[in-house]
Amino acid sequence: MDKIDKKILARLQDDARVTVADLSEQVSLTSSPCWRRVKALEESGVIRGYHAELDPRRLGYDVTAFVSVMLENHRVDLGDSFEVAVQGIPQVVACHNVSGRYDFMLEVVATDLEAFGEFARNVLRTLPGVKEIYSSFSLKSIKHQRRLPLP
């Protein structure tokens, strides 16, 4: 990856809808080589996809919770079952296998505290192998952008 690739990535992180013509102008290339570089970055897996950033509050999600989950034990099949189950739950917008006291950290959205409580009781506690859950709530989102620093 060279300077031009990094410029392309930086620009696409700012605006994934930028046209190839505008992108090529901004990184000082002609359109064809710029397009080939973007395709190569996609094929190599550096660019995993293009997404719209949605405002959770405007969609009715007034609560964001960070839920730490401890499993009953560390059997591989139990962890795998938990991971598969979490993939199918739309309210879980992020899931990380973490070190420390808990095994997983989930980011969950809900319309309000009552809806989160029902979700925790009826969905999270019923996931495979869940022994304990601990929830913290976001009081204010300070930085929500998923812009990665480029090496």
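These remarks concern the structure in this document. The shown structure was predicted, so the numbers you read here are calculated from the model rather than taken from an experiment.

The rules behind each value
Every chain is numbered independently, its residues counted from 1 as its sequence is written. With pLDDT at 70 or above as the cut-off, local features in this predicted model cover only qualifying residues; side-chain atom pairs require 80 or more to be listed or tallied, and sums for whole chains, interfaces and linings still use all residues. Derived side-chain values reflect all non-hydrogen atoms in the structure, with water molecules and hydrogen atoms excluded from consideration. Aromatic rings from Phe, Tyr and Trp, with only the six-membered ring used for Trp, were paired whenever their centres fell within 6.5 Å, and each pair was classed as stacked if the ring planes differed by under 30 degrees, edge-to-face if by over 60, and tilted otherwise. Here a helix means four or more residues in a row that DSSP labels H or I, a strand means two or more in a row labelled E, and each is numbered from the N terminus. Buried, partly exposed and exposed residues are distinguished by accessible area as a fraction of the type maximum, computed with a 1.4 Å probe on protein chains only: under 20%, between the cut-offs, and over 50%, respectively. Note on method: axes are straight lines fitted to C-alpha atoms, helices fitted across the in-contact stretch only, with angles between N-to-C directions ranging 0 to 180 degrees. An angle counts as roughly parallel when it lies under 35 degrees, as roughly antiparallel when it exceeds 145, as roughly perpendicular when it falls between 65 and 115, and as oblique in every other case. Contact between two residues is taken to exist if any of their heavy atoms lie within 4.5 Å; hydrogens are not considered. Lys, Arg, Asp and Glu make up the charged group, whereas Ala, Val, Leu, Ile, Met, Phe, Trp, Tyr, Cys and Pro make up the nonpolar group; the residues left over, Gly among them, are polar. A strand pair is defined by DSSP finding two or more bridges across the two strands. Expected helix span is taken as 1.5 Å per residue step, with the number of steps being one fewer than the number of residues. Between N or O atoms, a polar contact is any pair within 3.5 Å; within protein, one atom must be a potential hydrogen donor and the other a potential acceptor, and residues adjacent in sequence are included only when both atoms are from side chains.

With respect to the packing of aromatic side chains
Taken as a whole, this structure holds 3 aromatic pairs when the rule is applied. Summarising the aromatic geometry, the rings of Tyr-102 and Tyr-134 are spaced 6.5 Å apart at their centres and angled 25° between planes, so their arrangement reads as stacked. Of this pair, Tyr-102 sits in the loop between strand E2 (92-97) and strand E3 (104-110) while Tyr-134 sits in strand E4 (residues 130-137), and the two are 32 residues apart along the sequence. By relative accessible area, Tyr-102 is classed as buried at 13%.

Focus: the packing of helix H1 (residues 3-14) against helix H3 (residues 31-43)
The packing of two helices is summarised by the inter-axis angle and the distance between the axes. The interhelical angle for the contact between H1 and H3, taken along N-to-C directions, is 80°, at an axis separation of 11 Å. Judged by the angle between their axes, H1 and H3 are roughly perpendicular. In this structure, H1 uses Ile-4, Asp-5, Ile-8, Leu-9 and Leu-12 to contact H3, whose residues at the interface are Cys-34, Arg-37, Val-38 and Leu-41. Each residue belonging to the contact of H1 with H3 can be placed in one class, and the counts come to 7 nonpolar, no polar and 2 charged.

Regarding the sheet that holds E2
Taken together, 4 strands build an open sheet; the order of strands is E2-E3-E1-E4 and the sheet is antiparallel. What marks the edges here is a single partner per strand, and that holds for E2 and E4. For this sheet, the mean inter-axis angle between neighbouring strands, taken without regard to orientation, is 20°. Inspection of the sheet shows E2 paired to E3 by 5 bridges, in the antiparallel sense. Residue pairing in the sheet places Asn-97 in a bridge with Phe-104 of E3. In the packing of helix H4 (residues 76-87) onto the sheet, contacts are made with strand E1 (63-71), E2, E3 and E4, and the angle to E3 comes to roughly 20°.

Looking at H1
Spanning 12 residues, H1 covers 17 Å between terminal C-alpha atoms, matching the ideal 16 Å at 1.5 Å per step. Where H1 is buried, its residues meet helix H2 (20-26) and H3. If you check the start of H1, you find a side-chain oxygen 3.1 Å away from the backbone N of Ile-4, and it comes from Asp-2.

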